[in-house]
Amino acid sequence: MNEHAPQNDIDDFFSTDRVAGREQAVELSAGSYRENLIALDDPMLADVRGMDYEQFAADRYAAPFLRELLEYWKGLYDEPFVGITTDGRPREGLYALPEHPELDPRPSDAALALLDLLTPQQRVKLCYPIDADEWRGWSNPEFVFFRIGLRLEEQSDEVVRAALAVVEASLSPAGYERVAEAMALNGFLGELVDLPTIMNDRSYWFALYGTPSPDEPWGWQLFGHHVALNFVSVGGRHVIAPVFLGAEPALSDDERPPLFDAREQLAIALAESLDDEQRGVAVVYSSVLDQAMPEGRLHPADERHVAGAFRDNRVVPYEGISAAALSDDQWSSLRAIAEDFLLLLVEPQRQITVAEFEAHRDETFFSWYGATDGTQPFYFRIHSPVLLAELDHHAGVWLNNRLPARFHVHTTLRMPNGNDYGRALRDAWKIAHD
């Protein structure tokens, strides 16, 4: 077990190494994530052991960097919602309600069953109007910022099962399995560092928005460490965005592949298939810590991903190679990666959303940071008018790797131009029913 390297360049959890440009490449270690475990008696762990999530949050708030980050996040939260755009001006007419919807009562039935279990006080905490600002208060760290809905670890087993039944009824079987695995990996991390009261498989907030119905707009939100989902059902359409899924480590010791292994292998295969001309356009930076990155491109908490918590209005220009410059086989590979990001959606909702993505092939871009052969940590982004999806390898927080590694991964999914939280479709519903 390695000794925990001092990481107090920014604060006890974040070092400047994760945002410092390097001339040399960031190479992958051939060893296990276990080589990066922090000694259990290290003050970073020992000083917070036994704290509950509120005590830990109060302790973390003492760090100047975190106070500045939360102040910045609050400023972003207070902005009127616009949506992620390429130039600050959202495009209209990109998302449409179906003329002949296939209504699915399972999510709303599960939500009503949950409500039947709750006391009046629990319902008050759980339920928000469909247009509540609280939609935008989700975050993915282990410390608490906004407290929205019910904290699962404070609820009875019966209530937890009913809340997760809403999630399961709303997602595809494979999608729910992925979410459940990410939550379980958070519990595994809590066991690794012996901080189960700070990180466990119930360290999550769950909220309902609107009145559950197969047809009328409503939704739910689940968020906490490395898991944040926002689900909206409106007029026969399901939207699952924003999504943040990640893990540190991205695998346990039960011989299962890492959480996003299949997606990473698809992406590496696509990147490797690029010819020299294509690679020259698609590979934006030669390393995840390329010195050529402009000031501000790397963030100590977000690192490279641009669409995480509180980034609802971020202006993200297209970069990389246009899908119009890809062969049909390469486009099929890119579409398969996008489909994996959309795995959470049930059929036929996934098919409908993929069809929207396919309709914008010539406006879709694929960008890559790092070596394309899998020998280095990497970042990639798929970006179109109707989808923004990222995968990024990160430096350690609860493990002591000061540089990005593939066993700490973050992924994001957004519906640009105003359809995060199903907003564009909810606006269309409102117009149609006023």
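In what follows, the accompanying structure is described. (Residues numbered from 1 in each chain as written. Predicted model: local features only at pLDDT ≥ 70, side-chain atom pairs only at ≥ 80, totals over all residues. Heavy atoms only, no water.)

Structural notes on the environment of Ile130
Okay, so step 1: With respect to the secondary-structure elements, Ile130 resides in the loop between strand S1 (127-128) and strand S2 (150-151).
Okay, so step 2: A relative accessible area of 21% places Ile130 in the partly exposed class.
Okay, so step 3: With 82 residues separating them along the chain, Ile130 and Val48 place their C-alpha atoms 37 Å apart.
Okay, so step 4: Residues within four places of Ile130 in sequence aside, it is in contact with Trp135, Tyr209, Gly210, Pro217, Trp218, Gly219 and Arg426. (Helix = DSSP H or I, 4+ residues; strand = E, 2+ residues; numbered from the N terminus. Buried < 20%, exposed > 50% of the residue type's maximum accessible area, 1.4 Å probe, protein only. Contact = heavy atoms within 4.5 Å.)

A word on the pattern of salt bridges
Side chains carrying opposite charge are able to pair once their charged atoms draw close together.
Okay, so step 1: Evaluated as defined, the whole model comprises 26 salt bridges.
Okay, so step 2: For Asp78, the salt bridge goes to Lys74, with nearest N and O atoms at 2.8 Å. Of this pair, Asp78 and Lys74 both sit in helix H3 (residues 64-78), separated by four residues, roughly a single helical turn.
Okay, so step 3: Asp78 gets classed as partly exposed once you look at its relative accessible area, which sits at 47%.
Okay, so step 4: A salt bridge links Arg106 to Asp104, with the nearest nitrogen and oxygen atoms 2.8 Å apart.
Okay, so step 5: When salt bridges that share partners are traced, they join Arg18, Glu303, Arg304 and Asp392 into one network. (Salt bridge = Lys/Arg side-chain N within 4 Å of Asp/Glu carboxyl O.)

A word on the nonpolar core
Okay, so step 1: In terms of nonpolar packing, the biggest core is built from 120 residues, with Phe206, Trp220, Leu222, Leu229 and Trp398 touching the most fellow members.
Okay, so step 2: The element best represented in this core is helix H6 (residues 157-170), accounting for eight residues.
Okay, so step 3: Once residues lying within four places of it in the same chain are set aside, the contact partners of Leu229 are Val167, Leu171, Val179, Trp220, Gln221, Leu222, Ile240, Pro242, Val243, Leu245 and Leu344.
Okay, so step 4: Counting residues in hydrophobic clusters, the runner-up holds 13 residues, among them Val26, Leu289, Ala307 and Val316. (Core = buried A, V, L, I, M, F, W, Y, C linked by side-chain atoms within 4.5 Å.)

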